[in-house]
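# Fold and contact review
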Amino acid sequence: MDPYEGHLVIFSDAGFSGNHQHIFRTMPYIGDDLNDQMSSFVVLSGVWRFYIDAGPRHDSLTGNKDGYGPGLYPWVEANDVGVTND
C-alpha cells in the first residue's frame, strides 16, 4: 500500500497562519497539537473530508460530504467551505 494518499496542510488560524501540520494520509485523530484548532487549510493533492470527533463517524462529518480537492481554503466557516471552526 502506498503510504502517500495526498497532501493537506492545516493551520490553527485563518489566512494560513499560526501553527500548522502537513498530513499525507487518513488520520483517525489529528493529535493533541492541533486538535480542535483548524481554522484554514490548503489541499495540495487528494480529496479530504473533515470530522468534528475522532473516528471517522458519519454523524461527526463537517462540511462537504464529498470532500475538498486541491485549493486554498483561508477560512473554514466561509459559505463555500462550511467546515466547523476549531
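Structure first, text after, so check above.
Treat the numbers as computed from the prediction; the structure is a model and nothing was measured. (Residues numbered from 1 in each chain as written. Predicted model: local features only at pLDDT ≥ 70, side-chain atom pairs only at ≥ 80, totals over all residues. Heavy atoms only, no water.)

Next up on the list: the sheet that holds strand β3 (residues 40–45). Sheet architecture is open: four strands sit in the order β2-β1-β3-β6, paired in antiparallel fashion. The strands lining the two open edges of the sheet, one partner per strand, are β2 (17–23) and β6 (71–73). Each strand of the sheet is rotated relative to its neighbour by a mean of 15 degrees, with strand direction disregarded. By the bridge criterion, three bridges tie β3 to β6 in an arrangement that is antiparallel. Bridging across to β6, valine 42 finds its partner in leucine 72. (Pairing = 2+ DSSP bridges. Helix = DSSP H or I, 4+ residues; strand = E, 2+ residues; numbered from the N terminus. Axes fitted to C-alpha atoms, helices over the stretch in contact; angles between N-to-C directions.)

Turning next to the packing of aromatic side chains. Counted according to the given criterion, the structure contains six aromatic pairs. Measuring from ring centre to ring centre gives 5.6 Å for phenylalanine 41 and tyrosine 68, while their planes differ by 75 degrees; the resulting arrangement is edge-to-face. Within this pair, whereas phenylalanine 41 is found in strand β3, its partner tyrosine 68 is found in the loop between β5 (61–62) and β6, the two being separated by 27 residues in sequence. Here phenylalanine 41 and tyrosine 68 have matching classes, each one buried. Clustering of aromatic rings is evident, with ring pairs tying together Phe41, Phe50, Tyr68 and Tyr73. (Phe/Tyr/Trp six-rings, centres within 6.5 Å; stacked < 30°, edge-to-face > 60°. Buried < 20%, exposed > 50% of the residue type's maximum accessible area, 1.4 Å probe, protein only.)

Turning to the nonpolar core, a few remarks are in order. In this structure, Leu8, Phe41, Phe50 and Tyr68 are the most contacted members of the largest nonpolar core, which totals 14 residues. Secondary structure elements with two or more residues in this core: β1 (7–13) and β3. The residues contacting phenylalanine 41, other than those within four sequence positions of it, are Leu8, Val9, Ile10, Phe11, Phe16, Phe50, Tyr68, Gly71, Leu72, Tyr73, Val76 and Val81. (Core = buried A, V, L, I, M, F, W, Y, C linked by side-chain atoms within 4.5 Å. Contact = heavy atoms within 4.5 Å.)

Right, let's get into the side chain of histidine 7. Looking at where histidine 7 falls in the secondary structure, it is placed in strand β1. Residue contacts for histidine 7: discarding those within four places in its chain leaves His22, Ile23, Phe24, Val42, Val43, Leu44, Ser45 and Trp48.

All right, on to unusual backbone geometry then. The backbone of aspartate 36 sits at a positive phi, close to 55 degrees, despite the residue not being glycine. Tracing the chain through its elements places aspartate 36 in the loop between β2 and β3. A residue is classified by how much of its surface remains accessible, and aspartate 36, at 45% relative accessible area, is partly exposed. Non-glycine residue aspartate 86 carries a positive phi angle of around 55 degrees. Residue placement: aspartate 86 occurs in the segment after β6.

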